Structure formats: C-alpha cells, structure tokens
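Residue-level structural notes
Letter by letter, the chains look like this.
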Amino acid sequence: MSSYRMDLTGTRDEAPLRPWLASSFDTELDWYRLLARTALPPQSAPAIWVSAGDGALRAALPVRSDGPGRLAALGNFYTATFAPQLHAVADMSALLRDMLTAERAYSLDLQPLAPEDARYVPMRAAAEAAGLVCFDYFCFGNWYLPARGLRYDTYLAGRPGTLRSTLKRKGKKFLAAGGAIEVVTGGAALDAAMAAYQQVYDASWKRAEPFPDFMPGFLRLCAARGWLRLGVARLNATPIAAQVWVVREGHAAIYKLAYDDTQAQWSAGSLLTAALMQRVLDEEQVNEVDYLIGDDAYKRDWMTHRRERRGLRVYDPRRLRGLTAAIGEWGRRAVKRLLRRE
C-alpha cells in the first residue's frame, strides 16, 4: 500500500476518498474544495495526501504549502477546526513518511486541532512512529454551550442579569421602532439575505474580506447542504445586523457576525443572537452551540464552557533543516520554562 497526492484543483477520481468522515463543517470535503478554489493563493498548492487499500480509505491528510520545505494543514483564518482522516496509526505514519519525502518537506504544522477528537492523540502517535519530532502548542480558546435537552427559557434564566435586561429593554424599543428579525436557510430568499449580510458587513468595524469569493461560496454551500441559518435584523427594512450560523448534525456553530456601527444603540446584534439561540434550542434542539474561535469577553455572557484548540508542529530530523528547526524549538521552549520559574 502506498500514498499519493491528490490535487484538489485537478480531475483525479475521488472515489478513494469515500467514505470521508467529517466531524464538523470545516472538515468536510466540500469545505476543502471551497478553500482551494476561493481562499488560498496559488502558491499554496492545496492537495490531499491519500492512503487507500482494499477498496477503502486508510488515511488522508489535506495540506497546503507554507513555504519552501514547509507543509501545513489545509486551512487558514476561516478554519475553526482541522482533522485528518485516520483509522490506524500505522497507516497515517506511512502516509507521513511518503508525503514528506515526496514533497521534500522538513516540517508540517497541523492546526487547529480539537483535543477531544478521537483522532488527536493517534495523530501525534503516528508522527512519532514516523520518526518525526513533535511539539504541541496552544492555538486559541473555544467557548461553547452544552445544550442537549436545554430549552431557551432555562438557558436565558442562567445568563447574566445585565444581558437579560439588555435583551428585554432593547427588544421592546427595537420592535416599537419598526425592527424585525428573519432567519434564512436558503431558497428564494437567499440572494436578498446574502446582499443584506454584505451590506451590514461593509458598514461594520470589520476589515474587508481578503478573499471576496469565499463567503458567498460558503453561504451557498451551507444552504445546499441544509446547514445555513443566516439571521438578519432590519430596522424599517434596512439591515443593521447579520449573523451566519451553521447547524450540522446537532452542532450549531456561530461563524460570522457583524452590525452597522452607526446603529449600535439598538443592540441588534445581541437581539439577533438571542433569536437564533432560541431557534436552535427550542426548534432544532441541538446538542451544542459553539462560538468557535477566540476568547472574546462577550462570549462568556452567552456560553458556559471553555476548551482549547491546539496545534501539532512536527519536524523531520533526517533533514538538516528539520533537525535545526527542532533544536531551535527545543531551545525556545526551554528558555520560556526557565523564565516562568524566575
């Protein structure tokens, strides 16, 4: 059994990739295809390294170039979680050896990984079995709400009093002033909702999207797969807040949110979050609500639990640059440990 490189921009038969086991929307094959097509520079050379045998997928690793001799997980700032296809440590270990040799790479950086994923520990074991030097590191905090059996009224009662008061006061004023909230999942309303989202995003504090084709493609992908919950808050028909939630297999991910800075007095973003939260808890009865990336202070008002996303950086000590890089990282970490003791 051997491993080979599958170019995501090519036309090679993808039958060996089935069945592809995705744990989140951003570990789906369609997600990687979308990234490769719309959100990576050409020099990234996105691909999936595959090991298949006996008519079944044995291991797979979506990667991109991170510079000469360096590979990284196929993702970027749009990615909240990365995961390999890993069924046996030995298969992934062989794939790693084949990949690094063929790509003439001395390093591989995999992130962000979920430590609670069953593939997290085996991935490191596979790298070590391949003779690679491994370093684990922190990526970012991830705030979430365990929601199995939780209903909105019970959830809201447990939120901070200041948040409850804001939702009550601003909700009344927003409705009295001609405010309205809609949630679009697809269909004929999708184009108008996407235009409203873009209008709000352009009026918000956020910088312009570096890859403008990504979000429209992502919204259409989510709508086609039944995942999209695109919330729009309008004041007298003018959109002033918008949020993109992704609901997939009992998991509600809060992916993008924005509001018009000039209309901040309405707290439309908070009202929209509350409306979407009520929908996913009471109507869709999800098992978890996930704020994805970052330790922003406001997330503590809405979520109850925190976990981490980690990275795994590996070096090939058989290559001089890999050995040098590994020694350098050892040294930097040793210095940090010493400084913490002082």
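Located above this text is the structure these notes cover.
Chains are numbered independently. Their residues run from 1 in the order of the written sequence. Two thresholds apply to this predicted model, a pLDDT of at least 70 for residue-level local features and 80 or more for giving and counting side-chain atom pairs, whereas whole-chain, interface and lining totals are computed over all residues. The basis for the side-chain values is all heavy atoms of the structure; hydrogens and waters are excluded.

**Describing the overall build of the protein chain**
A run of DSSP states H or I qualifies as a helix once it reaches four residues; a run of E qualifies as a strand once it reaches two. Both are numbered from the N-terminal end. Helix and strand counts for the protein chain come out as 10 helices and 13 strands. Using C-alpha atoms as the atom set, the radius of gyration is obtained and then compared with a globule rule of 2.2 Å times the number of residues to the power 0.38. Radius of gyration (C-alpha) of the protein chain: 22 Å, near the 20 Å computed for a compact globule of 342 residues. With the principal axes as the frame, the protein chain shows a C-alpha extent of 70 × 55 × 40 Å. Think of it in three bands: residues with accessible area under 20% of the maximum for their type are buried, residues over 50% are exposed, and the middle band is partly exposed, with areas taken using a 1.4 Å probe on protein chains only. Taking all 342 residues of the protein chain together, 52% fall into the buried category. Long-range pairs, those at least 24 residues apart, make up 76% of the contacts in the protein chain between residues at least 6 apart in sequence. Accessible surface is estimated by sampling points in the Shrake-Rupley manner with a 1.4 Å probe; for residues, cover comes only from the protein chains shown. Here the protein chain has roughly 15600 Å² of accessible surface; of this, 53% comes from carbon and sulfur atoms. Contacts were defined at the residue level, with two residues in contact if any of their heavy atoms lie within 4.5 Å.

**Focus on helix 5 (residues 161-176)**
To estimate how far a helix should reach, multiply one less than its number of residues by 1.5 Å. Between the first and last C-alpha of helix 5 there are 23 Å, a value that for 16 residues agrees with the 22 Å anticipated at 1.5 Å per step. Turning to helix 5, its buried residues are L163, T166, L167, K170, G171 and F174. The inward-facing, buried residues of helix 5 contact helix 4 (152-157), strand 8 (179-184), strand 9 (228-235), strand 10 (238-248), helix 8 (268-283) and helix 9 (299-302). Just downstream of helix 5 lies G178, where phi reads positive at about 100 degrees.

**A few points about the environment of K299**
Inspection of the secondary structure puts K299 in helix 9. Among residues more than four places away in sequence, those in contact with K299 are W143, Y291, I293 and G294. For K299, the side chain forms a polar contact with the side chain of D296, separated by 3.0 Å. Side-chain atoms alone can form a polar contact between residues adjacent in sequence; in general such a contact is a pair of N or O atoms within 3.5 Å, and within protein one must be able to donate a hydrogen while the other accepts it.

**Regarding unusual backbone geometry**
At the junction of Q111 and P112, the peptide bond is cis and its omega measures out at 0 degrees in the coordinates. Tracing the chain through its elements places P112 in strand 6 (residues 107-113). Of note, the phi angle at R104 is positive, near 55 degrees, even though the residue is not glycine. By the secondary structure assignment, R104 is in the loop between helix 2 (89-103) and strand 6. In this structure, N236 takes a positive phi of about 50 degrees despite not being glycine.

**Topic: the pattern of salt bridges**
Basic side-chain nitrogens of Lys or Arg form a salt bridge, by our definition, when they fall within 4 Å of a carboxyl oxygen of Asp or Glu. Applying the stated criterion across every chain yields a total of 28 salt bridges. Between R119 and D117 there is a salt bridge whose closest N-O contact spans 2.9 Å. On the basis of relative accessible area, R119 is assigned to the buried category, the value being 14%. Put simply, E308 and R306 hold a salt bridge, and the shortest N to O gap is 3.9 Å. Judged by its relative accessible area of 37%, R306 falls in the partly exposed class. A single salt-bridge network, built from bridges that share partners, covers E28, D30, R33, R225, R248 and E249.

**Description of the nonpolar core**
The tendency in soluble globular proteins is for nonpolar side chains to be buried side by side. By nonpolar core is meant a set of buried Ala, Val, Leu, Ile, Met, Phe, Trp, Tyr and Cys residues that side-chain atoms within 4.5 Å join together. L96, F214, F218 and Y255 are the most contacted members of the largest nonpolar core, which has 72 residues in total. When residues in this core are grouped by element, the largest group, 7 residues, is from helix 7 (residues 214-225). Apart from the residues lying within four places of it in its own chain, the contact partners of Y255 are F25, W31, Y78, F214, M215, F218, V244, W245, V246 and L292. Counting residues in hydrophobic clusters, the runner-up holds 33 residues, among them L150, L235, A241 and V280.

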